[in-house]
Amino acid sequence: EVHLVESGGGLVQAGGSLRLSCEASGFTQDDYVIGWFRQAPGKEREGVSCISASDGGTFYAESVKGRFTISRDRSKHTVHLQMNSLKPDDTAVYYCAADVTAEDYDLYANDYDYWGQGTQVTVAS
């Protein structure tokens, strides 16, 4: 089935940047959505951004709009999340996820069928 692997997390100072990558495999159709979610200690999982594999449409949570950029590499089935101007509140485990129903693209976690194991992002103040 679909397999997702995140990478690129680490420790940065506030104001710094990181680029996360999600390598995806196992899709049997072209229509799917890849989303990024994050979960901080003691907090609910929060949608960050998503991208449609079919038409490239994107959506961002208000908290990251203007700072984060999601992009895709269709040839290698890789999705990236460029994170700039990082804040301590961005500290979380970041997960990529796949919605294979793909009736739309959104950040509703229940729409996503497959999840990676996560990568830790820590932003120091």
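Just above, that's the structure.
A.B. asks: Hey, could you run me through the overall build of the protein chain in this one?
C.D. replies: Counting its secondary structure elements, the protein chain contains 0 helices and 11 strands. The N-to-C order of helical and strand elements in the protein chain reads β-β-β-β-β-β-β-β-β-β-β. Since a compact globule built from 125 residues should have a radius of gyration of about 14 Å, the 13 Å found for the protein chain is in line with a globular shape. By its C-alpha atoms, the protein chain is 45 × 30 × 25 Å across when sized along the principal axes.

A.B. asks: Looking at this structure, I do not really get the packing of aromatic side chains. What am I missing?
C.D. replies: Aromatic rings considered in pairs are described by the distance between their centres and by the relative angle of their planes. Tallied over the full model, the rule gives 4 aromatic pairs. Ring centres of Phe-37 and Tyr-112 lie 5.0 Å apart, and the angle between their planes is 80 degrees; on these two criteria the pair is classed as edge-to-face. Residue Phe-37 is located in strand E4 (residues 33-39), and its partner Tyr-112 is located in the loop between strand E9 (92-99) and strand E10 (114-115); the two are separated by 75 residues in the primary sequence. Each member of the pair, Phe-37 together with Tyr-112, is buried. By way of ring pairs, the aromatic residues Phe-37, Tyr-112 and Trp-115 are connected into one cluster. Across from the ring centre of Tyr-95, 4.0 Å away, lies the NZ or CZ of Arg-45, which sits over that ring. Sitting above the plane of the Trp-115 ring, Arg-45 keeps its charged end 4.8 Å from the centroid.

A.B. asks: Just to check I follow, could you spell out the state of the cysteines for this structure?
C.D. replies: A covalent bond between the sulfur atoms of two cysteines is referred to as a disulfide. Per the stated rule, a full pass over the model turns up 1 disulfide. Residue Cys-22 pairs covalently with Cys-96 via a disulfide, S to S 2.2 Å. Disulfide Cys-22 to Cys-96: torsion about the S-S bond roughly 70 degrees, handedness right-handed. In this pair, Cys-22 is assigned in strand E3 (residues 18-25) and Cys-96 in strand E9, connecting sequence segments 74 residues apart. Here Cys-50 stays unpaired: no disulfide links it, and the sulfur of Cys-22, its closest cysteine neighbor, is 13 Å away. Overall, Cys-50 belongs to the buried group, its relative accessible area being 0%.

A.B. asks: Explain the nonpolar core to me, please; I cannot follow it from the model alone.
C.D. replies: The nonpolar side chains of a soluble globular protein tend to be buried with one another. Counting 35 residues, the largest nonpolar core has Leu-4, Ile-34, Trp-36, Phe-68, Leu-81, Met-83 and Tyr-94 as its most contacted members. Looking at this core, the elements with two or more residues in it are E3, E4, strand E5 (46-52), strand E7 (68-73), strand E8 (78-83), E9 and strand E11 (119-124). The greatest single-element share of this core, amounting to 5 residues, is contributed by E9. Apart from residues lying up to four places away in sequence, Leu-81 is in contact with Leu-18, Arg-19, Leu-20, Trp-36, Val-48, Ser-49, Phe-68, Thr-69, Ile-70 and Tyr-94.

Thresholds applied
- Residues numbered from 1 in each chain as written.
- Predicted model: local features only at pLDDT ≥ 70, side-chain atom pairs only at ≥ 80, totals over all residues.
- Heavy atoms only, no water.
- Helix = DSSP H or I, 4+ residues; strand = E, 2+ residues; numbered from the N terminus.
- Rg over C-alpha atoms; globule rule 2.2 N^0.38 Å.
- Phe/Tyr/Trp six-rings, centres within 6.5 Å; stacked < 30°, edge-to-face > 60°.
- Buried < 20%, exposed > 50% of the residue type's maximum accessible area, 1.4 Å probe, protein only.
- Lys NZ or Arg CZ within 6 Å of the ring centre and 35° of its normal.
- Disulfide = S-S within 2.5 Å.
- Core = buried A, V, L, I, M, F, W, Y, C linked by side-chain atoms within 4.5 Å.
- Contact = heavy atoms within 4.5 Å.

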